[in-house]
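Notes for the structure review
Chain by chain, the residues run as shown.
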Amino acid sequence: MRKHICLLEGDGIGPEIITQGVAAIKAAASRFGHELDFEKALIGGAAIDASGEPLPAQTIEKCRRADAVFLGAVGGPKWDAHSHDKRPEKGLLGIRKALGLYANLRPALLMPELAGACLLKPEIAAAGIDLVVVRELTGDVYFGEPRGIKEHGGERVGLNSMVYTEGEVRRIARTAFELARSRRRRVCSVDKSNVLETSRLWREVVVDEHKNYIDVELAHLYVDNAAMQLVRAPSQFDVILTGNLFGDILSDEAAVITGSLGMLPSASTGASGPGLFEPVHGSAPDIAGQDKANPLAAILSGAMLLRLGLGMPEAADLTERAVRAVLAEGCRTADIMEPGKTLLGCVAMGQKVVECICKL
Ligand code: IPM
Ligand code: MG
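Quick summary incoming for the structure in this document. (Residues numbered from 1 in each chain as written. Chains lettered and ligands numbered in written order. Predicted model: local features only at pLDDT ≥ 70, side-chain atom pairs only at ≥ 80, totals over all residues. Heavy atoms only, no water.)

So, the site of ligand 1
For ligand 1, the full set of nearby residues is Glu-89, Leu-93, Arg-96, Arg-106, Arg-135, Tyr-142 and Asp-248. Tyr-142 places a side-chain nitrogen or oxygen 2.5 Å from an oxygen atom of ligand 1. When the free accessible area of ligand 1 is taken as 320 Å², the share hidden by the protein chains comes to 75%. Among the detected pockets, ligand 1 sits in the largest pocket. Examining the composition of the shell around ligand 1, we find that three residues originate from one element, helix α4 (residues 88-98), more than from any other. (Near = heavy atom within 4 Å. Polar contact = N/O pair within 3.5 Å; in protein donor to acceptor, adjacent residues only side chain to side chain. Areas by Shrake-Rupley, 256 points an atom, 1.4 Å probe, with all protein chains shown as cover. 1 Å grid on protein atoms, 1.4 Å probe; cavity = no way out; pocket = protein on both sides within 12 Å on 5 of 7 lines; lining within 4 Å. Sits in = over half its atoms within 2 Å of the grid points. Helix = DSSP H or I, 4+ residues; strand = E, 2+ residues; numbered from the N terminus.)

Here's what the structure looks like:
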């Protein structure tokens, strides 16, 4: 197979980690006779600097033409003072919306090789963490109208609208149930239906859609309780199904308790067209350009790109096995460094993974 990938390196450590991600997936794909070609496009702060817009029209076109999109990270203090519409984050939100990427999969996995890094008590870590947050990505307060800051009664009022249509809830519920079938067959839907009408509709639709997936166990938690259960007993979760805002928060929480935010990949997919694959961590401007970033989340996002975006499961498996092997060998970047292990920079870590891909 020959596939075309659009690279959105973005800001901060984005370019460094994407370089390593590209090297890894190229090597893995070629081991199975596939060829990948790449085209760069601008997004976020880099795009603002070049064109004044966080998401130039040309970037959307290049993404639409690609078989998959591989993104680094956006944002940084340089653009913090910009108005709401000219912030780097707007580029990320815009490309999600433009490509219709409603399903965001964020796995949080405590790899045995990194169990020592887990932030929770050893007895909790021993029970394991292997869950996926299925976050709805194109609705909710992120995109709901009306929104804005308005004058009312002599003072300013900030307004955002939490909106979900039945169809939007149903399609993301399906994504979660389908995914659960390939895992431990358990879905926990997270909402705030004791307070919010949006959540009441959410729960009703999830319960209704579940009738088509009776082989999957369905539970419900309010979001406050879910946040608490995630640190108290994360091993109880398999697939967490939730909306855009709650998913944003819970996925960061799930990621950080593994102790290695720099390790976690994500995938965003829609009904058709290219998916977008990006590490969960941000642009880390404080360490940008210093060869200190951990490229493994980008490389693992590359594995998700191969599997879900390009239909190359063997190359995806190989990439993931190579990452595990390199960790087992004792290689570490600064963020996951432990006594007795070997400290590597971003480039050296990427090279190690590629070497491993070529010989595994
Ligand atoms: C994420 C990020 C984004 C979000 C920001 C950068 C717009 O936090 O991908 O989780 O809120 O979705
Ligand atoms: Mg977030």
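Focus on helix α2 (residues 44-51)
Taken together, the buried positions of α2 are occupied by Gly-44, Gly-45, Ala-47 and Ile-48. Around the axis of α2, the buried residues are gathered within 160 degrees of arc, so they sit on the same side. Looking at the residues trailing α2, positive phi occurs at Gly-52, about 85 degrees. (Buried < 20%, exposed > 50% of the residue type's maximum accessible area, 1.4 Å probe, protein only. Arc of directions from axis to C-beta.)

Remarks on the state of the cysteines
Summed over all chains, the structure comprises zero disulfides. Cys-63 carries a free sulfur, and the closest cysteine sulfur to it, the one in Cys-6, is 3.9 Å from it. With no disulfide of its own, Cys-346 lies closest to Cys-331 among cysteine sulfurs, the gap being 14 Å. Among the residues examined, Cys-346 registers a relative accessible area of 1% and is labelled buried. (Disulfide = S-S within 2.5 Å.)

Some thoughts on the packing of helix α1 (residues 14-31) against helix α12 (residues 346-359)
Orientation of α1 relative to α12, taken along the N-to-C sense of each, is 5 degrees, at an axis distance of 9 Å. The orientation of α1 relative to α12 falls into the category roughly parallel. Residue-level inspection shows Glu-16, Ile-17, Gln-20, Ala-23, Ala-24, Ala-27, Ala-28 and Arg-31 of α1 in contact with α12, the latter providing Cys-346, Val-347, Gly-350, Gln-351, Val-353, Val-354, Ile-357, Cys-358 and Lys-359. Classifying every residue of the contact of α1 with α12 by side-chain character gives 11 nonpolar, three polar and three charged. (Axes fitted to C-alpha atoms, helices over the stretch in contact; angles between N-to-C directions. Parallel < 35°, antiparallel > 145°, perpendicular 65-115°, else oblique. Contact = heavy atoms within 4.5 Å. Nonpolar A, V, L, I, M, F, W, Y, C, P; charged D, E, K, R; others polar.)

Examining helix α10 (residues 296-309)
Under the 1.5 Å per step criterion, the end-to-end length of α10 is 18 Å for 14 residues, consistent within 8% with the ideal 20 Å. Burial analysis of α10 places 11 of its 14 residues in the buried class, which makes it a mostly covered element. With its phi angle positive at about 65 degrees, Gly-311 sits one or two positions after the end of α10. (Expected span 1.5 Å × (residues − 1).)

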